[in-house]
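Topology and contacts: notes
The lines below spell out each chain.
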Amino acid sequence: MGSGFDGAATAAIDEVLAGAVRTGAVPHVAAIVADRDGVLYEGGAGVRVAGESDDPVTTGTQFRIMSMTKMVATVAALQQVERGELELDAPVDTFLPEFADLQVLEGFDGDTPKLRPAGNRATVRNLITHTSGLAYWFWDADLARYEKVTGLPNVVPGSLEAFTAPLVTDPGTRFVYGINTDWLGRVVEKVAGTTLDVVVKDGITGPLGMDDTMFRLDAQRYANCVSVHVRGEDGAWTSAGEILNQEPAWWAGGHGLYSTPRDYIRFERALLRGGELDGARILRQETVDAAFTNQIGDLDFPAEIPTADPPITASLNVGPGWKWGYGLLLNTVDVPGARRAGTGAWAGLFNTHFFIDRTSGICASIYTNSLPFITEEAWQTYADFEAAVYAAL
């Protein structure tokens, strides 16, 4: 086990979490930090369901990790690449012919979408690097309008109809964050000849002993899950209940997993250690190195992404100097008093975040389940947590 932080450092991180709940920045929060050898810190504050539950939130509490699912699905695809079952440069439509039917949304003529054929074929690599041209409605106003005027559901309700959503740019031309990993999960299923839940269990969560990470919780684990919280008219946090379909038509590689901070840190530690944990190897060292390397070339992760759905997310403003690896956002320069250059990170729509800093030798994550995503207060809580972690090193 990691030796842990000293009492003063632990108390400082505890106070970040407690303070965030006390001031109402977040409804509840849990956080965990580890190095290659074990857990250095774990803590939580608040309760599972505001106004309904006295159950304290801990690192053993279940959360919807939403887009933190993406790196798990990406690892499943990279395992197939290592075994020679999947080629990164294979066109997506060789596995899923319906992908060839997707056109590029160029705008609207009144309320009529203007669509044109895509300029080239998207590859599996494009899916892994979010360069296929697929978007999410909450960060793309044109796609949000398209879904509104056509009645097309987004991916959250779990209907296969969501896979008919158009591209918003030609494959390979821009980084656009979108439903790429949902398509990737279906490619993985096609290659494996089984469903994504089985692939993930057999190849990742099973070997790593992540017994609390799954696409659908059993009754006992569900009783240990936080609910998604939103602010009521009085500004206080209130439970919005369950948002994810418990009987979806497909397991979402982009957002479908539930996990606990204590479980997911094992996945982070495996990546921190070059693909291995406690004798179980999920990826080769060179594959992990590639995941932490710029895979989008001269393209950039956008410095700013305006919101197209304010109740779901605020705008994302990370500033310049960010790239994308395989499933990971990479900073190209050191962040003062925080993560070092080359750190791999991502987040989930209900305000869960993780980062893996191979230079400093630590990984960490912080969890709440609330909307909108990345409000100023939630973002500040995350920054304060990270600062306290690095002050402890």
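What this report covers is the structure whose coordinates are included nearby. (Residues numbered from 1 in each chain as written. Predicted model: local features only at pLDDT ≥ 70, side-chain atom pairs only at ≥ 80, totals over all residues. Heavy atoms only, no water.)

1. What about the overall build of the chain?
Test applied: The helix and strand labels rest on DSSP assignments: H or I over at least four residues marks a helix, E over at least two residues marks a strand, and numbering proceeds from the N terminus. With C-alpha atoms as the basis for the radius of gyration, the globule rule is written as 2.2 Å multiplied by the number of residues raised to the power 0.38. Residue contacts are counted whenever heavy atoms from the two residues lie within 4.5 Å of one another. Here, Shrake-Rupley sampling with a 1.4 Å probe gives the accessible areas, and only protein chains in the shown set may cover a residue.
When helices and strands are counted, the chain shows 10 helices and 17 strands. By the compact-globule yardstick of 21 Å for 393 residues, the chain fits well, its C-alpha radius of gyration being 20 Å. The dimensions of the chain, computed from C-alpha atoms along their principal axes, are 60 × 50 × 45 Å. Counting contacts in the chain only where the partners sit at least 6 residues apart, residues at least 24 apart contribute 70% of the total. A total accessible area of about 15000 Å² is found for the chain, and carbon and sulfur atoms account for 49% of it.

2. Quick word on the environment of leucine 86
We apply this condition: Think of it in three bands: residues with accessible area under 20% of the maximum for their type are buried, residues over 50% are exposed, and the middle band is partly exposed, with areas taken using a 1.4 Å probe on protein chains only.
With respect to the helices, strands and loops of the structure, leucine 86 is situated in the loop between α2 (69–82) and β4 (103–109). The buried category is assigned to leucine 86, whose relative accessible area is 3%. Separated by 38 residues in sequence, leucine 86 and valine 124 have C-alpha atoms that sit 8.7 Å apart. Leave out the neighbours within four places in its chain, and leucine 86 touches Ala77, Gln80, Val81, Phe95, Val124, Val187 and Val191.

3. Brief notes about the packing of α2 against helix α8 (residues 261–272)
For any two helices packed against each other, the geometry comes down to the angle between their axes and how far apart the axes lie. Under the convention used in this document: For helices, the fitted axis covers only the stretch in contact; all axes are lines through C-alpha atoms, and the angles between them, taken along N-to-C directions, range from 0 to 180 degrees. By definition in this entry, angles of less than 35 degrees are roughly parallel, angles greater than 145 are roughly antiparallel, angles of 65 to 115 are roughly perpendicular, and the rest are oblique. Handedness of each helix crossing follows the sense of rotation of the near helix against the far helix: counterclockwise by less than a right angle gives left-handed, clockwise gives right-handed. Only Asp, Glu, Lys and Arg are considered charged, only Ala, Val, Leu, Ile, Met, Phe, Trp, Tyr, Cys and Pro nonpolar, and every remaining residue, Gly among them, polar.
Direction vectors running N to C along α2 and α8 enclose 50°, while the axes themselves pass 12 Å from each other. Accordingly, the angle class assigned to the pair α2 and α8 is oblique. Every pair of crossing elements has a handedness; the one defined by α2 and α8 is left-handed. From α2, Met71, Val72 and Val75 reach across to α8, where they touch Tyr264, Phe267 and Leu271. Taken together, the residues that form the contact of α2 with α8 break down as 6 nonpolar, no polar and no charged.

4. Quick notes on the pattern of salt bridges
Here is the rule we go by: By salt bridge we mean one thing: a side-chain nitrogen of Lys or Arg within 4 Å of a carboxyl oxygen of Asp or Glu.
Within the structure shown, the criterion is met by 20 salt bridges. Between aspartate 55 and arginine 48 there is a salt bridge whose closest N-O contact spans 2.9 Å. Among the ionic contacts, a cluster of salt bridges with common partners joins Glu106, Arg116 and Asp170.

5. Quick word on the side chain of glutamate 276
Threshold: For the purposes of these results, a polar contact is taken to be a pair of N or O atoms within 3.5 Å, where, inside protein, one atom must be able to donate a hydrogen and its partner to accept one; residues adjacent in sequence count only when each atom of the pair is a side-chain atom.
Locating glutamate 276 in the fold gives a position in strand β9 (residues 276–277). Note on glutamate 276: relative accessible area 15%, which makes it buried. A distance of 2.7 Å separates polar atoms of two side chains, one belonging to glutamate 276 and the other to arginine 273. A distance of 3.2 Å separates a polar side-chain atom of glutamate 276 from the backbone nitrogen of aspartate 278. Once you skip the residues sitting within four places of it in the chain, glutamate 276 turns out to touch Arg269, Ala270 and Arg281.

6. Things to note about the pairing of strand β1 (residues 28–35)
In plain terms, the rule: DSSP-based pairing: two strands are paired if at least 2 bridges between them are found.
Buried residues dominate β1, accounting for 8 of its 8 residues. The alternating pattern of β1 places His28, Ala30, Ile32 and Ala34 on one face and Val29, Ala31, Val33 and Asp35 on the opposite face, and all of these are buried. Inspection of the sheet shows β1 paired to strand β2 (residues 38–46) by 8 bridges, in the antiparallel sense. Within β2, the residue paired with aspartate 35 across the bridge is glycine 38. Turn length for the β1-β2 hairpin, with the two strands adjacent in sequence and antiparallel, is 2 residues.

7. Some remarks on the side chain of glutamate 268
Filter applied, for reference: Residues scored as positive are Lys and Arg, those scored as negative are Asp and Glu, and His as well as the terminal groups of each chain are ignored.
Considering the arrangement of structural elements, one finds glutamate 268 in helix α8. The buried charged residue glutamate 268 lacks any salt bridge partner; its closest oppositely charged side chain belongs to arginine 269, at an N-O distance of 9.5 Å. Separated by 3.2 Å, the side chain of glutamate 268 and the backbone nitrogen of alanine 364 make a polar contact. Contact partners of glutamate 268, with chain neighbours within four places excluded, come to Phe354, Phe355, Ile356, Cys363, Ala364, Ser365 and Tyr367.

8. Thoughts on the layout of surface pockets
Here is the rule we go by: Put simply, the grid is 1 Å and covers the protein atoms alone, a cavity is a trapped set of points that fit a 1.4 Å probe, a pocket is an open set with protein on both sides within 12 Å along at least five of seven lines, and lining residues have an atom within 4 Å of a point. Grid points are joined across faces, edges and corners, and a volume is the space filled by probe spheres set on the points.
Computed from the structure, the largest pocket encloses a volume of approximately 500 Å³. Around the largest pocket, the lining comprises 32 residues; the ones closest to its centre are Val318, Leu329, His353, Trp379 and Tyr382. No other element matches helix α10 (residues 376–392), which puts 5 residues into the lining of the largest pocket. Taken together, the residues of the lining of the largest pocket sort by class into 25 nonpolar, 5 polar and 2 charged. Taken as a whole, the second largest pocket encloses approximately 210 Å³ of empty space. In this structure, the second largest pocket is lined by 13 residues; those nearest its centre are Arg174, Phe175, Val176, Tyr177 and Pro302. Each residue belonging to the lining of the second largest pocket can be placed in one class, and the counts come to 10 nonpolar, no polar and 3 charged.

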